[in-house]
Amino acid sequence: MNPFRLIFLTLCVMLSVSALSAQNAIPSEPAPAVEEAGVPAPAASTPMRLNIGLEGSAQTGDVSVAIQLVVVMTLLTLAPSMVILMTSFTRIVIVLGFVRTAIGVPSAPSNQIIVGLSLFLTLFLMGPVFDRVNTEALQPYLNKEMTSKQALDQATGPIKEFMLKQTRTRDLEFFLELGRFPPTKIADLPLRVVVPAFVISELQTAFQMGFLLFLPFLVIDFLVSSVLMALGMMMMPPSIVSLPFKLLLFVLVDGWHLVVKSLVNSFQI
C-alpha cells in the first residue's frame, strides 16, 4: 500500500478514537453561576467535537470500510497479474509473439499493437464470463443484497469455471500432489491449485500453436537456403531473401484472420 495512504488511514483512526473517548467521557457538573443584581448568568457553551468514523453503514456481517479500502488497493495493484494469469491473455499474447518471430520481423507489429490486440481479444473472449460476474456478484453487492465476502465467492465461480475448461487434468493432479491435497472434487478445488495449473496448461498450448506456426516459414527458409547454395551465393544471408516470400505467403493466405480465428476457436467457452 502507498505509505501516504497508510499514514492518512492511521491519522483518521486516531482522530476517531480520540473523539469517541472525549464524547463518552462524563463531564463534571459546572458550578452554579451566581447571578448578580440585574446581571443574568452566562449560558453554558457546548464544546465542538470532531467525529471521524470508518465504521461504514454498520451492516451486520460485512467488513469495515477501512478493510474494504485495503482490499481495493491490493486488487488494483494485482490487477495486471490477474488479467495476465487468470484470463485468455497469456495464450493470445504468446501466439501473436510467435507469429511475429516466425515471419522474421521482430519489430513489426510493435509490442504496443501486440499487447493491445491481445487485450481486446481477451475482453471479447471473456465477455460472457464478465457478464456472469456482473449479474451474479457485482450487481447484488451494489444493491446491498449480499456482503462483500459473499460477492467475492460468487465472482470467483465463473472465472474458476472458465479456467477449469482450459486446464489439463494432469496439471491439476500435479499441483494437488505437490500441495498434498486429499482427493478433491473439481467444484471444490481451491484457486491456489486452479490458477497455477491453468497457467501451465496455457503455456503448453501456446507453445504447441507456436510450433505449428513456425513450420511453413521454416520450409521457406530451407528452400531459399538450398537455392542460394546451388547458385553459389554463399555470402548472401538467406533471411534477407526469404523475408519477402514469408510476407507474401502470410498475406496471400490472410494470415492474421487465420491466426485470430484459430486462437478464438482454441478456447472452450
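Shown above is the structure to which this text applies.
Quick look at the structure, then.

Calculation criteria
- Numbers given for residues are sequential positions, taken from 1 along each chain in its written order.
- Local features in a predicted model are, by the rule used here, given only for residues with pLDDT of at least 70; side-chain atom pairs are given and counted only at 80 or more, and totals for whole chains, interfaces and linings are based on all residues.
- Processing note: side-chain calculations cover all non-hydrogen atoms of the structure and skip hydrogens and water entirely.
- Numbering of helices and strands runs from the N terminus; a helix is a DSSP stretch of H or I covering at least four residues, while a strand is a stretch of E covering at least two.
- Note on classification: 1.4 Å probe, protein chains only; a residue is buried when its accessible area is under 20% of the maximum for its type, exposed when over 50%, partly exposed between these limits.
- The contact definition used throughout considers only heavy atoms, calling two residues in contact when any of these lie within 4.5 Å.
- To measure how exposed things are, a 1.4 Å probe is used in the Shrake-Rupley method; for residues, cover is taken only from the protein chains shown.
- The set of buried Ala, Val, Leu, Ile, Met, Phe, Trp, Tyr and Cys residues whose side-chain atoms join them within 4.5 Å is what this entry labels a nonpolar core.
- Throughout, an axis means a line fitted to C-alpha atoms (over the contacting stretch in the case of helices), and angles, computed between N-to-C directions, take values from 0 to 180 degrees.
- For classification purposes, angles smaller than 35 degrees are called roughly parallel, those larger than 145 roughly antiparallel, those between 65 and 115 roughly perpendicular, and all remaining angles oblique.
- Two helices that cross are described as forming a left-handed crossing if the nearer one is turned anticlockwise from the farther one by less than a right angle, and a right-handed crossing if clockwise.
- Any two rings among Phe, Tyr and Trp, with Trp reduced to its six-membered ring, count as a pair given centres within 6.5 Å; such a pair is stacked if its planes are under 30 degrees apart, edge-to-face if over 60, and tilted if neither.
- Put simply, a salt bridge is a Lys or Arg side-chain nitrogen that is within 4 Å of an Asp or Glu carboxyl oxygen.

### A word on the overall build of the protein
- Helix and strand content of the protein: ten helices and zero strands.
- Counting helices and strands in the order they occur from the N terminus, the protein gives α-α-α-α-α-α-α-α-α-α.
- Relative to its 269 residues, the protein shows a buried fraction of 27%.
- The long-range share in the protein, meaning contacts at least 24 apart out of those at least 6 apart in sequence, stands at 71%.
- Entry remark: accessible area of the protein is about 18,400 Å², with carbon and sulfur atoms responsible for 69%.

### A word on the nonpolar core
- By size, the foremost hydrophobic cluster in this structure holds 35 residues, and its most contacted members are I92, F162, M163 and L263.
- Taken together, the elements giving at least two residues each to this core come down to α3 (89-103), α4 (111-125), α6 (148-166), α7 (169-178), α8 (191-231) and α10 (255-266).
- For this core, the element with the highest residue contribution is α8, accounting for nine residues.

### Some remarks on the packing of α3 against α8
- Here α3 crosses α8 at 20°, and the two axes come no closer than 9 Å. By the angle between their directions, the pair α3 and α8 is classed as roughly parallel. The two elements α3 and α8 cross, and the hand of that crossing is right-handed. Counting all contacts with α3, which are made through T90, R91, I94, V95, F98, V99, T101, A102 and I103, the residues of α8 involved are E202, L203, T205, A206, F207, M209, G210, L213, F214 and F217.

### Section: the packing of aromatic side chains
- What the rule picks out here adds up to seven aromatic pairs.
- For the pair F174 and F175, a centre-to-centre distance of 5.2 Å together with 75° between the ring planes defines the contact as edge-to-face.
- Consider the rings of F217 and F250, whose centres lie 6.2 Å apart with planes at 40°: the pair is tilted. Taken together, the residues F217 in helix α8 and F250 in helix α9 (residues 238-252) connect sequence positions 33 residues apart. Accessibility assignment for this pair places F217 and F250 in one class, buried.

### Some thoughts on the environment of F98
- Tracing the backbone shows F98 in helix α3.
- Look at F98 and you get buried, because its relative accessible area is 18%.
- In this structure the C-alpha to C-alpha distance between F98 and L212, which are 114 residues apart in sequence, comes to 10.0 Å.
- Excluding residues within four positions of it along the chain, F98 makes contact with A206, F207, G210 and F214.

### Here's the deal with the pattern of salt bridges
- Applying the stated criterion across every chain yields a total of six salt bridges.
- Here R132 makes a salt bridge to E161, at a shortest N to O gap of 2.9 Å. Of the two residues, R132 is situated in helix α5 (residues 127-142) and E161 in helix α6; the sequence distance between them amounts to 29 residues.
- Take E161: its relative accessible area is 35%, and that puts it in the partly exposed class.
- The closest approach of N and O atoms between K246 and D221, which form a salt bridge, is 3.0 Å. With K246 in helix α9 and D221 in helix α8, this residue pair connects regions lying 25 residues apart in the sequence.

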